[in-house]
Amino acid sequence: MQATNLIDGRAIAAQIQAELAQRIAELKSRGIQPGLAFVRVGEDPASKVYVGRKEKVSAELGIYSETHVLPETTTESELLGLIAKLNADKRLHGILVQAPLPAHIRPAVVYSSVSPEKDVDGFHPLNLGKLMLGDPTGFEPCTPAGIRELLVRTGISTEGAHVVVLGRGNIVGKPLAAMLAQKARGANATVTICHSATRDIKAHCLRADILVAAIGVPLFVKADMVKPGAVVIDVGVNRVPDQTSPSGSKLVGDVDFAAVQPIAGKITPNPGGVGPMTIAMLMRNTVRAAESQAVQ
Ligand code: GUN
């Protein structure tokens, strides 16, 4: 139907990056270059792509970055050893350990070992605790922060709105629900979290003014699950078989976009919706980390 109901994540991310470029120039005039370390363990194809995109945007903004690629067989204590070195490195203001980690490594142990001041991913328990408390001195996880920013900058009010979040993961669903339920600007919503044990998910979805799909099931949200005029945010990145593609597969979201777009009031394209915002929020957290570490 109309192309005008698209929420252009790429354009909004570019606007945020332009704002950050000014803050980075200001830091550089004081002799400070923001620095960010990426850590990737193993050869997960999606993680390679994500880290590659984050490196590219860092370079475009003049943020120093370095990437540490460790083999799949890396032990937890070897990974903790690297993180300890990165924590102590004054050149680095932010550290990002790309998820997912190999099964033998405990994510909670790893994310607790990143210095909270350098935790630009917002995965450390201290920063997640601050998020629950509504304490703005912490770092927020990038994907939920990017979704809130998309809503705010598109002029979609969450005030008193019913937001239904599909998915309760630690990276998106749980923190997003906590953020949008806060008594704060760009929040103040009534939030429902749905997950694999939810009965009659469709009935919940149909009550949503804003429906966020972060459930990891390809094309899960169909047209008959969306209230006409609702805002639909698709966080999903799912690889599915596709005989027509040379690679034999393609990426699809958690929303059946072609079916849902005509019904939605506004909707994120996928790609080009949430993904670029996650990266913009990572850059923003890194710039803030550099600014606050510079005054210590
Ligand atoms: N994997 C998927 N999303 C993210 C993210 O925001 N940060 C990290 N570190 N890994 C991820």
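To keep things clear, this report deals only with the structure shown in the data block.

Calculation notes
Residues numbered from 1 in each chain as written. Predicted model: local features only at pLDDT ≥ 70, side-chain atom pairs only at ≥ 80, totals over all residues. Heavy atoms only, no water. Near = heavy atom within 4 Å. Polar contact = N/O pair within 3.5 Å; in protein donor to acceptor, adjacent residues only side chain to side chain. Areas by Shrake-Rupley, 256 points an atom, 1.4 Å probe, with all protein chains shown as cover. Nonpolar A, V, L, I, M, F, W, Y, C, P; charged D, E, K, R; others polar. Salt bridge = Lys/Arg side-chain N within 4 Å of Asp/Glu carboxyl O. Buried < 20%, exposed > 50% of the residue type's maximum accessible area, 1.4 Å probe, protein only. Core = buried A, V, L, I, M, F, W, Y, C linked by side-chain atoms within 4.5 Å. Helix = DSSP H or I, 4+ residues; strand = E, 2+ residues; numbered from the N terminus. Axes fitted to C-alpha atoms, helices over the stretch in contact; angles between N-to-C directions. Parallel < 35°, antiparallel > 145°, perpendicular 65-115°, else oblique. Left-handed = near helix turned anticlockwise from the far one by under 90°. Contact = heavy atoms within 4.5 Å. Pairing = 2+ DSSP bridges. Right-handed = clockwise from strand over helix to strand, strands pointing away.

**Section: the site of the ligand**
Here's step 1: The ligand sits among L96, V97, Q98, A99, D121 and F123.
Here's step 2: The side chain of D121 places a nitrogen or oxygen atom 2.5 Å from a nitrogen atom of the ligand.
Here's step 3: Here the ligand, which alone exposes 280 Å², has 85% of that area covered by the protein.
Here's step 4: For the shell around the ligand, the residue count by class is four nonpolar, one polar and one charged.

**Considerations on the pattern of salt bridges**
Here's step 1: This structure, assessed with the given rule, holds twelve salt bridges.
Here's step 2: The residue E43 makes a salt bridge to K48 at a minimum N-O spacing of 2.9 Å.
Here's step 3: A relative accessible area of 45% means that E43 is categorised as partly exposed.
Here's step 4: Counted as one network, the salt bridges with shared partners bring together E19, E149, R153 and R284.

**Some thoughts on the nonpolar core**
Here's step 1: The biggest cluster of nonpolar side chains holds 48 residues, and the ones touching the most others in it are I147, I210, V212, I233, L282 and M283.
Here's step 2: If one sorts the elements of this core by residue count, helix 10 (residues 274-294) sits on top with ten residues.
Here's step 3: In this structure, I83, L92, I105 and V110 belong to the second largest nonpolar core, which totals 18 residues.

**Structural notes on the packing of helix 6 (residues 142-153) against helix 7 (residues 173-181)**
Here's step 1: Contact geometry for helix 6 and helix 7: axes closest at 8 Å, N-to-C directions at 40 degrees. When the axes of helix 6 and helix 7 are compared, the pair comes out oblique. Regarding helix 6 and helix 7, the two cross each other, and that crossing is right-handed. Here helix 6 contributes P144, A145, I147 and R148 to the contact with helix 7, which in turn contributes P175, L176, M179 and L180.

**Description of the pairing of strand 1 (residues 35-41)**
Here's step 1: Among the seven residues in strand 1, seven count as buried, and that is most of the element.
Here's step 2: What you see with strand 1 is no split at all: G35, A37, V39 and V41 on one side and L36, F38 and R40 on the other are buried throughout.
Here's step 3: Bridge analysis of strand 1 against strand 2 (residues 64-70) gives seven bridges, and the strand direction is parallel. Paired with G35 across the bridge in strand 2 is Y64.
Here's step 4: For the handedness criterion, the β-α-β arrangement of strand 1, helix 2 (residues 45-61) and strand 2 is classed as right-handed.
Here's step 5: The pairing of strand 1 with strand 3 (residues 94-97) spans four bridges and is parallel. The residue of strand 3 that forms the bridge with V39 is V97.

**Some words on the environment of P269**
Here's step 1: Locating P269 in the fold gives a position in the loop between strand 10 (266-267) and helix 10.
Here's step 2: Note on P269: relative accessible area 18%, which makes it buried.
Here's step 3: Considered as a pair, P269 and V172 are 97 residues apart in the sequence and their alpha carbons are 18 Å apart.
Here's step 4: When residues no more than four places from it in sequence are discounted, the contact partners of P269 are L6, I7 and F257.

**With respect to the sheet that holds strand 3**
Here's step 1: In space, the three strands of this open sheet follow the order 2-1-3, with parallel pairing throughout. One side of each edge strand has no neighbouring strand; the edge strands of this open sheet are strand 2 and strand 3. Pairwise comparison of adjacent strand axes, ignoring direction, gives a mean angle of 15 degrees for this sheet.
Here's step 2: Sheet strands in contact with helix 2 are strand 1, strand 2 and strand 3, and its direction is about 170 degrees off that of strand 1.
Here's step 3: Along the sheet, helix 10 contacts strand 1 and strand 3; its crossing angle with strand 1, the most-contacted strand, is approximately 130 degrees.

**Describing the sheet that holds strand 7 (residues 231-234)**
Here's step 1: If you walk across this open sheet you meet the five strands as 5-4-6-7-10, and the pairing is parallel. The open sheet has two free edges, formed respectively by strand 5 (190-194) and strand 10, since each of these has just one partner strand.
Here's step 2: Of the strand pairs in this sheet, strand 6 (residues 210-213) and strand 7 are connected by four bridges, and their pairing is parallel. Looking across to strand 7, one finds that L211 is bridged to V232.
Here's step 3: Packing against the sheet, helix 7 makes contact with strand 4 (162-166), strand 5 and strand 6, and its axis sits at approximately 165 degrees to strand 5.

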